[in-house]
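# Close look at the chain arrangement
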Amino acid sequence: MNIKKEIKYFIIIFLIIIMLFYLINNFSRYNDKIKKNNNNQSEWLNCYYADPIIFAERIPKLKIEQNESNITYMHYTPERFKEKLKEYLHHIENNFNSKNLYFVFSPGGTTAAISACYYAIQYLEKKKITIKSCVKPPYYTLHKKLANYEKNSEWIDDINKKTDVEVVVSPNNPTGEILKPTFTSKYILLDSVYDKPLFSNKYYTLNPWKLELYKNPYFCEVNSFSKYGYAGVRVGYLITSNKEIADLVTKYFEIKNLGLNSWAMANYEKNIPVIFNKSFGKENYELVQKRHKEIREIIPQRFIYSNNNIPLILLKIPANIFYKYKIKIRPGEEFATSNDYSRINLMVSEDVWKNILKRISSENFQNDIKFLK
Ligand SMILES: Cc1ncc(COP(=O)(O)O)c(C=O)c1O
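An account of the accompanying structure is given in this report. Only a predicted model underlies this, so the values are computations on that prediction, with no experimental measurement involved.

What follows covers the overall build of the protein chain. When helices and strands are counted, the protein chain shows 13 helices and 14 strands. Burial analysis of the protein chain (373 residues in total) assigns 39% to the buried set. Taking contacts inside the protein chain between residues at least 6 apart in sequence as the whole, the part at least 24 apart equals 72%.

Our focus in this paragraph is the nonpolar core. Within soluble globular proteins, side chains that are nonpolar generally end up buried alongside one another. Residues Ala116, Cys117, Tyr118, Ala120, Leu189, Leu238 and Val249 are the most contacted members of the largest nonpolar core, which totals 82 residues. Counting contributing residues per domain, this core is built from domain 1 (38-56 + 278-368) and domain 2 (71-276), each supplying no fewer than three. Setting aside anything within four residues of it in sequence, one finds Tyr118 in contact with Ile129, Ile131, Leu146, Ala147, Glu150 and Ser153.

A word on the packing of helix H3 (residues 79-92) against helix H9 (residues 262-275). The description of two packed helices rests on the angle between their axes and on the distance between the axes. One way to put it is that H3 packs onto H9 with a least axis distance of 11 Å and a crossing angle of 35°. Considering the relative orientation of H3 and H9, their crossing is left-handed. Contacts from Phe81, Lys84 and Tyr88 of H3 reach H9 at Met265, Glu269 and Ile272. Tallied by class, residues from the contact of H3 with H9 come to four nonpolar, no polar and two charged.

Surrounding the ligand, one finds 14 residues, the nearest of these being Gly109, Thr110, Thr111, Ser224 and Ser226. The dominant element in the shell around the ligand, judged by the number of residues it contributes, is helix H4 (residues 109-125), at three residues. Within the shell around the ligand, the residues separate by chemical class into five nonpolar, seven polar and two charged.

Within the element layout of this structure, Asn267 appears in helix H9. As for Asn267 and Val233, which are separated by 34 residues in sequence, their C-alpha atoms are 9.5 Å apart.

Turning our eyes to something else, we now look at the sheet that holds strand E11 (residues 312-315). With antiparallel pairing, three strands are arranged side by side in an open sheet as E11-E14-E13. The sheet is open, and its two edges are formed by E11 and strand E13 (330-331), each paired on a single side. In terms of strand pairing, E11 meets strand E14 (residues 342-345) through four bridges, oriented antiparallel. Of the residues in E14, the one forming a bridge with Leu312 is Asn345.

Moving on to the sheet that holds strand E7 (residues 187-191). With mixed pairing, seven strands are arranged side by side in an open sheet as E3-E9-E8-E7-E6-E4-E5. Two strands bound the open sheet, and with one partner strand each, they are strand E3 (102-106) and strand E5 (153-155). Sheet twist, expressed as the average angle between the axes of neighbouring strands with direction ignored, equals 25°. For strand E6 (residues 165-169) and E7, the ladder comprises five bridges, and the chain directions are parallel. Note on E7: the bridge partner recorded for Glu166 is Ile188. On the sheet, H4 packs against E3, strand E4 (129-133), E5, E6, E7, strand E8 (219-224) and strand E9 (236-240) and is oriented at approximately 160° with respect to E8. Seen against the sheet, helix H8 (residues 243-255) touches E3, E8 and E9 and runs at an angle of roughly 20° to E3.

Cut-offs and rules
- Residues numbered from 1 in each chain as written.
- Predicted model: local features only at pLDDT ≥ 70, side-chain atom pairs only at ≥ 80, totals over all residues.
- Helix = DSSP H or I, 4+ residues; strand = E, 2+ residues; numbered from the N terminus.
- Buried ≥ 20, exposed ≤ 12 C-beta atoms within 10 Å, placed from the backbone.
- Contact = placed C-beta atoms within 7 Å.
- Core = buried A, V, L, I, M, F, W, Y, C linked by C-beta atoms within 7 Å.
- Domains from an automatic or database assignment.
- Axes fitted to C-alpha atoms, helices over the stretch in contact; angles between N-to-C directions.
- Left-handed = near helix turned anticlockwise from the far one by under 90°.
- Nonpolar A, V, L, I, M, F, W, Y, C, P; charged D, E, K, R; others polar.
- Near = placed C-beta within 6 Å.
- Pairing = 2+ DSSP bridges.

So this is what it looks like as structure tokens:
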């Protein structure tokens, strides 16, 4: 009898413990939810640059492992890495032909490759060189900043002037426009960081004119892995048929002691099959298209200055309006336009994206943009 009673008590106590556990658990979840909602209101949301987390969120296979003891630097790119990259470029660009082309890897992404390229040209020309964009603003001002940073190169704002170099960023950041050289300069530098199936769903280059230009010794292309979710862990590359330029660019990295990080190289090498995978490309493309559509449902077309080739949207809305809603956005001055413009990067995490949409669809935000010209 007594034993039965004990079992009964035991069961009751057990049930009470489970109930308490359930209540406490739910209460803390509820609290977390409230906290999250409150945070959502007051936290800054970043759409200034791409957040690599977006790739890791969807691609569990994409792993960046860090083995501190393995970090060493080298001046030269291992041949097998070049071969692997060429193989995958053939895979994603149907008519790519790497024959007679030199590949130089850059330890500082496209950014360092551009500087190295300006250096090589200035060295070959034996004078201070002038550089311009092939189009009027908006364009990404990185090339201008790099040109003006060095003593022996200068950026020219007038696109009608004949310069030593013309820069073609195609698709153009931030409009997505496909551009071509004007052929008013001796050297042509193509920055094709956004020419990827990831954004276009096309398995050939959006710049077919470059195929002919690969034969031209005054043509260079720069690209990098940073738009594959590796912003920060930078490895870029330069392609040219001009051996002198390739050697000088290599020398630039060597002299400036910018060795390639072998840890980053090893990770890229491992992940190349994932990031160049066609289904990864397609999945990402669909996400970018969805986000383009969502933003166009909230922001009237008259404010939008980008097409859907690119995971970016230039808006004729001042950054200050976004700042009011704690949205960190890139101001127009970074695209050589006035600050009446600003640019959203669509490659942000799902959570941040949803909150951005929520804030910009609010009545207050809509009222703030209603009378903008
Ligand atoms: C057009 C363009 N070129 C170059 C870069 C820099 O690329 P990386 O990260 O490889 O230095 C960017 C980055 O935003 C870009 O938009």
